[in-house]
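Topology and contacts: notes
The lines below spell out each chain.
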Amino acid sequence: SARIAVLASGRGSNLQAILDAISVGELPAEIVGVFSDKPAAAVLQRVAPALRWSADARTFPSREAFDAALADAVAACRPDWVVCAGYMRILGDGFVSRFRGRLLNIHPSLLPRYPGLRTHARALADGQREHGASVHFVIPELDAGAVIAQAVVPVRADDDAEALATRVLAVEHPLLVAVLRLAAAGRLAEHGTTITLDGHALFTAL
Ligand code: GAR
């Protein structure tokens, strides 16, 4: 089964969706580590202590130093896939190049719209009628890697950012599990800017 490492900073509902899919036999994988830049993050409590790693980035001399410690810890659990699931810290080039091609992120917008933060508020402010989530390969440019799959939700007239975030989160969970099923089965690959599914080009990034 595929070895999956998860990077997360907060609540961890996406990690929980992965754990649930594994436990009901929908995802042939195991979580080999959960890594956080927030030692108090609730996400860590979702797995056994032996699977937890965290460090406060503010106690490191530089971004590179934190990323190197994180990368060493992730590498030590020999993951096939590294999944950012609510990981709120930018990963530097050093980390990305070490795991490139097996590094995924779930982002709460229909990329290339709204990379970065406050995606729901920005979509509302722009009067978007559709919003959603994307799973993409991570490259050094923030939220700019090739998109593997997206889930779309309607924006409703009375939405605030919180209501919209809740609707998006509900589709994030099955979206992430669906992509991880392809990844775990060895069906998904990143070749430069091209993604392949079963060896056929799926998407070409710009
Ligand atoms: C999710 O909505 C995820 O897409 C988003 O944070 C939330 C984490 O929720 N990620 C980002 O904004 C990445 N920049 P969770 O902790 O319950 O999985």
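If you're wondering where the values come from, they're calculated on a predicted model, not measured in any experiment.

About the cut-offs
- Residues numbered from 1 in each chain as written.
- Predicted model: local features only at pLDDT ≥ 70, side-chain atom pairs only at ≥ 80, totals over all residues.
- Heavy atoms only, no water.
- Helix = DSSP H or I, 4+ residues; strand = E, 2+ residues; numbered from the N terminus.
- Expected span 1.5 Å × (residues − 1).
- Bend = angle between axes of the 7 residues up to and from the residue.
- Buried < 20%, exposed > 50% of the residue type's maximum accessible area, 1.4 Å probe, protein only.
- Near = heavy atom within 4 Å.
- Polar contact = N/O pair within 3.5 Å; in protein donor to acceptor, adjacent residues only side chain to side chain.
- Nonpolar A, V, L, I, M, F, W, Y, C, P; charged D, E, K, R; others polar.
- pLDDT = per-residue confidence, 0-100.

In this chain, L111 is followed by P112 through a cis amide linkage whose omega measures 10 degrees. Looking at where P112 falls in the secondary structure, it is placed in the loop between β5 (103-107) and α4 (119-125). At R78, a residue that is not glycine, the phi angle is positive and equals roughly 50 degrees. Tracing the chain through its elements places R78 in the loop between α2 (63-76) and β4 (81-85). Positioned with a positive phi, Y114 is a non-glycine residue whose angle comes to about 55 degrees.

Right, let's get into helix α5 (residues 161-184). Every α-helical turn comprises 3.6 residues, leaving residues that sit three or four positions apart pointing alike. Here α5 contains 24 residues, and its C-alpha end-to-end distance of 33 Å stays within 8% of the 34 Å for a straight helix at 1.5 Å per residue. Residue E172 marks the point of greatest curvature in α5, where the axis turns by about 25 degrees; the proline P174 follows within four residues. Along α5, the positions that sit buried rather than exposed are L164, R167, V168, L169, E172, H173, L175, L176, V177, V179, L180 and A183. Once α5 ends, the next one or two residues include G186, with phi positive near 75 degrees.

So, about the site of the ligand. Around the ligand, the structure places R11, G12, S13, N14, G86, M88, I106, P108, L169 and E172. Within the side chain of E172, an N or O atom sits 2.7 Å from an oxygen atom of the ligand. The set of elements that each furnish at least two residues to the shell around the ligand consists of α1 (13-23) and α5. Taken together, the residues of the shell around the ligand break down into four nonpolar, four polar and two charged.

Glancing now at the confidence of the model for the protein chain. Residues of the protein chain with pLDDT of at least 70 account for 98%, and the chain-wide mean is 96. Mean pLDDT per element in the protein chain: strand β10 (residues 200-204) is the minimum at 79, and α1 is the maximum at 99. Interface confidence for the predicted complex, given as ipTM, is 0.99, next to a pTM of 0.97.

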